[in-house]
Amino acid sequence: MPDRGTQLTPKQVARAIGVSESSVKRWCDTGLIETVRTAGGHRRLLLESVQKFLRETGQEVVAPEVLGLPSTTGATARILGRACDLFEQALVVGDK
């Protein structure tokens, strides 16, 4: 499970939420998603900032595994149980 300091590319975020990369870049440029720049000037989005944006806008996550989250395809008891197990394991080892 990634920590809160994980940095993502606009392409990764676009794929995770099913929108175009240019939409993500536009949201970054208008300040809706906090962005840091690499030495080469490329955008990097903090996972925490992306999660905040998703909560505030209600944007649907279509590929949660891109963000390091468990897949919810089908949302079956097995998948939800696995997500709970992973969360519990992360808590036990102190992983944020």
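Cut-offs used in this document
Residues numbered from 1 in each chain as written. Predicted model: local features only at pLDDT ≥ 70, side-chain atom pairs only at ≥ 80, totals over all residues. Heavy atoms only, no water. Buried < 20%, exposed > 50% of the residue type's maximum accessible area, 1.4 Å probe, protein only. Helix = DSSP H or I, 4+ residues; strand = E, 2+ residues; numbered from the N terminus. Contact = heavy atoms within 4.5 Å. Core = buried A, V, L, I, M, F, W, Y, C linked by side-chain atoms within 4.5 Å. Pairing = 2+ DSSP bridges. Axes fitted to C-alpha atoms, helices over the stretch in contact; angles between N-to-C directions. Parallel < 35°, antiparallel > 145°, perpendicular 65-115°, else oblique. Left-handed = near helix turned anticlockwise from the far one by under 90°.

A look at helix 3 (residues 47-57)
1) Next: For helix 3, every residue scored as buried is listed here: Leu47, Ser49, Val50, Gln51, Phe53 and Leu54.
2) Next: Lining the buried residues of helix 3 we find strand 1 (7-8), helix 1 (10-17), helix 2 (21-29) and strand 3 (43-46).
3) Next: Looking one or two residues past helix 3, Gly58 carries a phi angle of roughly 70°, positive in sign.

Points about the nonpolar core
1) Next: Membership of the largest hydrophobic core comes to 17 residues, with the highest contact counts inside it found for Val13, Val24, Ile33, Leu45, Val50 and Leu67.
2) Next: Secondary structure elements with two or more residues in this core: helix 1, helix 2 and helix 3.
3) Next: Apart from the residues within four sequence positions on either side, Ile33 is in contact with Trp27, Cys28, Leu45, Ser49, Val50 and Phe53.

Description of the pairing of strand 3
1) Next: Of the two faces of strand 3, only one is covered, namely that formed by Arg43 and Leu45; the face formed by Arg44 and Leu46 stays uncovered.
2) Next: Sheet topology note: the strand 1/strand 3 ladder contains two bridges and is antiparallel. Residue pairing for strand 3: Leu8 is matched across the bridge by Leu45.
3) Next: Across three bridges, the pairing between strand 2 (residues 35-37) and strand 3 is antiparallel. Within strand 3, the residue paired with Thr35 across the bridge is Leu45.
4) Next: If you look at the hairpin formed by strand 2 and strand 3, you'll find five residues sitting between the two strands, and Gly41 has a positive phi there, around 90°.

Concerning the packing of helix 1 against helix 2
1) Next: One can describe the packing of helix 1 onto helix 2 by two numbers: an axis separation of 8 Å at closest approach and a directional angle of 115°. Judged by the inter-axis angle, helix 1 sits roughly perpendicular to helix 2. Between helix 1 and helix 2 the crossing geometry is right-handed. Mapping the contact onto sequence places Pro10, Lys11, Val13, Ala14 and Ile17 in helix 1 and Glu21, Val24, Lys25 and Trp27 in helix 2.

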